[in-house]
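Residue strings, one per chain:
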Amino acid sequence: MRNQTLARKEESQAIDSFDDVAQFEAIAEQLVWPQTSWVGNAWVDCGTQQTMPLRRSPVDGRILPALFEGDMALVDDAVSQARSAFHRGDWAHLSPASRKQVLLQMAVLLEAHATELCVMDCLSMGKPYARLVQQDAVKAAECFRWFAEWIDKVQGEYVPANGERIGWVEKTPLGVVAAITPWNYPLENIAWKLAPALAAGNCVVLKPAEQSSYSALRFAQLAAQAGLPAHVLNVVVGSGETVGQYLVEHPDVSAVFFTGSSRTGRTVCNSASRHRIKPVSVECGGKSPALIWHGCSNLQEAVEEVCGRVFGNAGQTCNAPSRLIVARPLLDQVRQIIVGISGTHVPCDPRVGRPQHGALCSHFDVERIDALVRTATDEGAELWVGGSPADVVPGGAYYLPTVLGNVAPHGALAQQEVFGPVLSVFTVDHLDDAIALANDSRYALAAGIYTDHLGDALAFQRGVYAGNVYINGWGMDDISVPFGGLGDSGNGTKDKGLRAFEKCFASRSITICTKRRAPGPT
Ligand code: ADP
């Protein structure tokens, strides 16, 4: 009831940012935090469920509301009900125009309720509220609109066959999709999985990250309000190792769409086919190289962009350019620029104003990142800026944006995904060396180069092994550009864009025999 009051207040627009903590806290206090799974367009009775281990908010250490953990029986129920809904055609057989309206309405409701969704996400995973509301929520809504627009444009192919056959290939939804999402862009990650899967006519069982389940649950409730029939979108809360794994292995799940760490991505690839062969799409971690090369006409802008991208979201972005490779003659200038702008990259209280940086997702991450930085300096890396936890809000989990030069190319910092605001700098003399260094990683998510020398840019582009290549601008945020990695960063499938839509269908070949048969005996 209180959530509805909040939504009415926000019907036209979400609150962009808060001027003071009291305002933010007043909203947070009004919220009814979802605490149990959502199956069949209803909250699951939590009477028989265990609570998950309580989490502390990375913003200030407060204990977040308890979440009741789904179990295997609940996964069985969610999957079997979703399967029945799929076979009855409750969703896929609605007219394309009706399905499109539902997805468009989901976008409208997401925007209308962005304040409450983003307050939940801010307290759960520490990102600045203003960024969540102005970027994540906006892009998530855009994603639903973009895929909604494709629903009534799905077409098949006519196949030339011999004179006695007519054939065509049509796209058909896969069935029940298991979506497993991470916490780093809570609403966007959900949108990247759900929007194309639902647009294609599938039913979905979503297992959101333990750290960001509240907004996923509330969004599922809004999707029902938008007109999504029961059992088409179900959200089962729980730990990855138990509920997630059981869902991925489930024989009645037709496909798995996962985003998360490479370690879990490998497990998911292995376990998905345990009881049944099914398509799997995994989008995993990265250790992406950005090369600042001769002919980089605006060095200041290039360095600022790399720092913005690697420190943004406290470095918890899979395609963050966490390895900066610099042409040796440019190193001193690059270092001066980094030191010069370091004052603009400081973590702040994520609840108020419009800060660039907030908290890390957990207190554990502060210690983990600090240990990696210390090991690197022990191995000879030079600390240029940062390098320690930050005292921002008492009880919170904050780390200073950190840059290290002279990082050992085979040390942990150069090879491991830090998933924190840490940039490692390397120098090279020749383009071939830069390409070799860029490829010296088991990850292959993204790579970028800054130069006005077109030939060098194209040679780099051809030479690097990565699912996404950026020339003179890091990242391509447009929803129409497919995104996904190779190597340990992914299995070559994509989120976003038409590629993401295509992967949500199976193709079916149909032939009609037109030859008249001789009448059989009566
Ligand atoms: P991170 O390390 O960034 O938290 P994870 O890869 O651990 O990323 O988690 C991403 C998502 O995968 C989360 O929803 C998590 O619960 C889920 N998950 C973790 N382990 C498994 C597993 N064995 N099978 C399926 N899902 C899992």
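About the cut-offs
- Residues numbered from 1 in each chain as written.
- Predicted model: local features only at pLDDT ≥ 70, side-chain atom pairs only at ≥ 80, totals over all residues.
- Heavy atoms only, no water.
- Helix = DSSP H or I, 4+ residues; strand = E, 2+ residues; numbered from the N terminus.
- Buried < 20%, exposed > 50% of the residue type's maximum accessible area, 1.4 Å probe, protein only.
- Contact = heavy atoms within 4.5 Å.
- Near = heavy atom within 4 Å.
- Polar contact = N/O pair within 3.5 Å; in protein donor to acceptor, adjacent residues only side chain to side chain.
- Areas by Shrake-Rupley, 256 points an atom, 1.4 Å probe, with all protein chains shown as cover.
- Nonpolar A, V, L, I, M, F, W, Y, C, P; charged D, E, K, R; others polar.
- 1 Å grid on protein atoms, 1.4 Å probe; cavity = no way out; pocket = protein on both sides within 12 Å on 5 of 7 lines; lining within 4 Å.
- Points joined across faces, edges and corners; volume = space filled by probe spheres on them.
- Domains from an automatic or database assignment.
- Buried area = accessible area lost by both parts, 1.4 Å probe.
- Expected span 1.5 Å × (residues − 1).

Caption draft 1: View of unusual backbone geometry. A positive phi is found at Asn41, a non-glycine position, where the angle reads about 55°. Mapped onto the secondary structure, Asn41 falls in the loop between α2 (21–30) and α3 (72–88). A positive phi is found at Asn313, a non-glycine position, where the angle reads about 55°. Take Asn313: it is sitting in the loop between α11 (299–311) and β9 (323–327).

Caption draft 2: Up close: the side chain of Lys193. When you line up the elements, Lys193 lands in helix α7 (residues 186–199). For Lys193, a relative accessible area of 2% translates into the label buried. What Lys193 contacts, discounting residues up to four positions off in sequence, is Ala179, Ile180, Thr181, Phe257, Phe258, Thr259 and Asp495.

Caption draft 3: Region of interest: the site of the ligand. Near the ligand lie 19 residues; those nearest to it are Thr181, Lys207, Glu210, Ser261 and Thr264. One nitrogen or oxygen atom from the main chain of Thr181 is found 2.8 Å from an oxygen atom belonging to the ligand. With respect to the ligand, the side chain of Glu210 contributes an N or O atom lying 2.7 Å from an oxygen atom. The fraction of the free accessible surface of the ligand (550 Å²) that becomes covered by protein chains is 86%. For the shell around the ligand, the secondary-structure elements that each account for two or more residues are α9 (240–249), β6 (255–259) and α10 (262–272). Residue contributions to the shell around the ligand peak at 5 residues, all from α9. Looking at the shell around the ligand residue by residue, the classes come out as 7 nonpolar, 9 polar and 3 charged.

Caption draft 4: How the structure looks around empty space enclosed by the protein. Scanning all chains against the criterion turns up 5 cavities of 30 Å³ or more. Gly286, Lys287, Val310, Gly315, Thr317, Cys318, Ala320, Ser322, Glu417, Val418, Phe419 and Gly420 are the residues that line the largest cavity.

Caption draft 5: Focus on the domain arrangement of the protein chain. Domain boundaries in the protein chain define domain 1 (89–153 + 178–284 + 493–503) and domain 2 (289–471). A C-alpha centroid distance of 29 Å is found between domain 1 and domain 2. With 19 residues of domain 1 at the contact, the number on the domain 2 side is 21 residues. Each partner contributes to the roughly 1500 Å² buried at the junction of domain 1 and domain 2, and carbon and sulfur atoms together form 52% of this total.

Caption draft 6: Fine view of helix α13 (residues 363–378). Helix length check: α13, at 16 residues, gives a terminal C-alpha distance of 23 Å against a target of 22 Å (1.5 Å per residue), a fit within 8%. Of all the residues in α13, the buried ones are His363, Asp365, Val366, Ile369, Asp370, Leu372, Val373 and Ala376. Summarising the contacts, the buried residues of α13 are in contact with β10 (382–385), β11 (402–405), α14 (412–415) and β12 (422–428). The opening residue of α13, the one whose side-chain oxygen lies 3.4 Å from the backbone nitrogen of Phe364, is Ser362. With its phi angle positive at about 110°, Gly380 sits one or two positions after the end of α13.

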